[in-house]
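# Coordinate inspection notes
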Amino acid sequence: MEGKSSSSHRRDLLRKIKEFTRSILDDLSIGKSPVVLIDRFRNYCTDSTGNCCCTSDLSKGKEVLTLQRECHVRRLDQSVVDRAINDICILLRCSRHNLNVVLVMGWLRFSEAGKKFDCINRLNNVRKEEAYPVPVHVEEVKDVISVAHYILVVEKESVFQRLANDEFCNKNRCIVITGRGYPDIPTRRFLRLLVEKLHLSVYCLVDCDPYGFDILTTYRFGSMQMAYDAKFLRVPEIQWLGAFPSDSEKYGLPEPCLLPLTTEDKRKTEAILRRCYLQQELLHWRVGTGADAAKRSKI
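Summarised in this report is the structure supplied together with it.

Conventions and cut-offs
- Residues numbered from 1 in each chain as written.
- Predicted model: local features only at pLDDT ≥ 70, side-chain atom pairs only at ≥ 80, totals over all residues.
- Heavy atoms only, no water.
- Helix = DSSP H or I, 4+ residues; strand = E, 2+ residues; numbered from the N terminus.
- Contact = heavy atoms within 4.5 Å.
- Buried < 20%, exposed > 50% of the residue type's maximum accessible area, 1.4 Å probe, protein only.
- Arc of directions from axis to C-beta.
- Pairing = 2+ DSSP bridges.
- Axes fitted to C-alpha atoms, helices over the stretch in contact; angles between N-to-C directions.
- Salt bridge = Lys/Arg side-chain N within 4 Å of Asp/Glu carboxyl O.

### Some details on the overall build of the chain
Each helix and strand in the chain was counted, giving 11 helices and 13 strands. Residue pairs at least 24 apart in sequence account for 75% of intrachain contacts in the chain once pairs closer than 6 positions are excluded.

Listed below in structure tokens is the structure:
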């Protein structure tokens, strides 16, 4: 029954992709710039009085996106890629898992809906194509077995692949997960399940910039869109691993090692620092980790 449901969902997703692609090609064939409507949701509230309004997952409206041709090739920033993946998920009404963008490897065995996943047997030969996807139906995950010492969450697929190439899990008894940017609901639920079942320490390796910090807070506090279900999704035990904003001054890093924050980066930083949970629960993060320094530079 589960197999039929999953197969039907894949066929439905493929149909949506074909229809969207066909509509783009139809517009291009008549010389028209394709237009896409994307649902948009509210940002976190900034209420520090306790009357927090982060409880709605309803769309606040639609954004009109016009596709245009690029006259040159350029490298995309991680934040652009993350937003593009989110937009695709919203457009197709699917999860990142359906796009195969969430992976797990390391000292772990589990079963989902009767199907067994043995990451341990792949320790000596793990490539991105061979890493297991994080289970979608987390409520059906059973028989979780691990001899790992900790869980490592990495922001980027490139870092995940580098760790796989270096046989990191084979040399270190750990479990590595990547959501390739902002995590979706099954990823956060699966991580929470592992922490509850295995009682392991969990670390999050992210970029030292506003987007990396935002990804970290999504794991630790949850997202506004799922605020009503945050207690089942957030992982308050997660610890920040990597370079801190204050490290640039602490270790005297040379200017060539730093990138100036863009205007958008600065706006992102200010918006994060105004969020209700940072005002109420974690004010010491702002002082203790030198978050103000993030307004000036990123590593």
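### Re helix α9 (residues 263-273)
Along α9, the residues that are buried comprise Asp 265, Lys 268, Thr 269, Ile 272 and Leu 273. Down the axis of α9, the sector holding all buried residues measures 125 degrees, keeping them to one side. For α9, exposure combined with an orientation more than 90 degrees from the buried face picks out Thr 263 and Arg 267.

### A closer look at the pairing of strand β5 (residues 115-118)
Sheet topology note: the strand β4 (residues 109-112)/β5 ladder contains 4 bridges and is antiparallel. Bridge assignment links Phe 110 to a residue of β5, and that residue is Phe 117. Where β4 folds back on β5, the antiparallel hairpin that results is connected by 2 residues, among which Ala 113 adopts a positive phi of roughly 50 degrees.

### Let's talk about the sheet that holds strand β3 (residues 103-106)
Ordered in space as β6-β3-β9-β8-β10-β11, the 6 strands form an open sheet in which the pairing is mixed. This sheet does not close on itself; its edge strands, each paired only once, are β6 (132-133) and β11 (239-241). In the sheet, strand β10 (residues 201-205) pairs with β11 via 3 bridges, with the strands oriented parallel. The residue bridging Tyr 203 from the neighbouring strand is Gln 239, located in β11. Set on the sheet, helix α5 (residues 185-198) makes contact with β3, β8 (150-154), β9 (174-178) and β10; between it and β9 the angle comes to about 165 degrees.

### A few points about the pattern of salt bridges
Tallied over the full model, the rule gives 11 salt bridges. A salt bridge links Glu 157 to Arg 180; the nearest nitrogen and oxygen atoms lie 3.4 Å apart. Of this pair, Glu 157 sits in helix α3 (residues 157-165) while Arg 180 sits in the loop between β9 and α5, and the two are 23 residues apart along the sequence. Taking the relative accessible area as the measure of exposure, Glu 157 reaches 25% and is therefore partly exposed. On the accessibility criterion, Arg 180 (14% relative accessible area) is buried. With its nearest N and O atoms 2.8 Å apart, the salt bridge here joins Arg 162 to Asp 166. Residue classification places Arg 162 among the exposed residues on the basis of a relative accessible area of 53%. Residue Asp 166 is classed as partly exposed on the basis of its relative accessible area, which comes to 36%. A cluster of three or more residues bridged by salt bridges with shared partners is formed by Asp 12, Arg 15, Lys 16 and Glu 19.

Shape is all these values report; function is a separate question.
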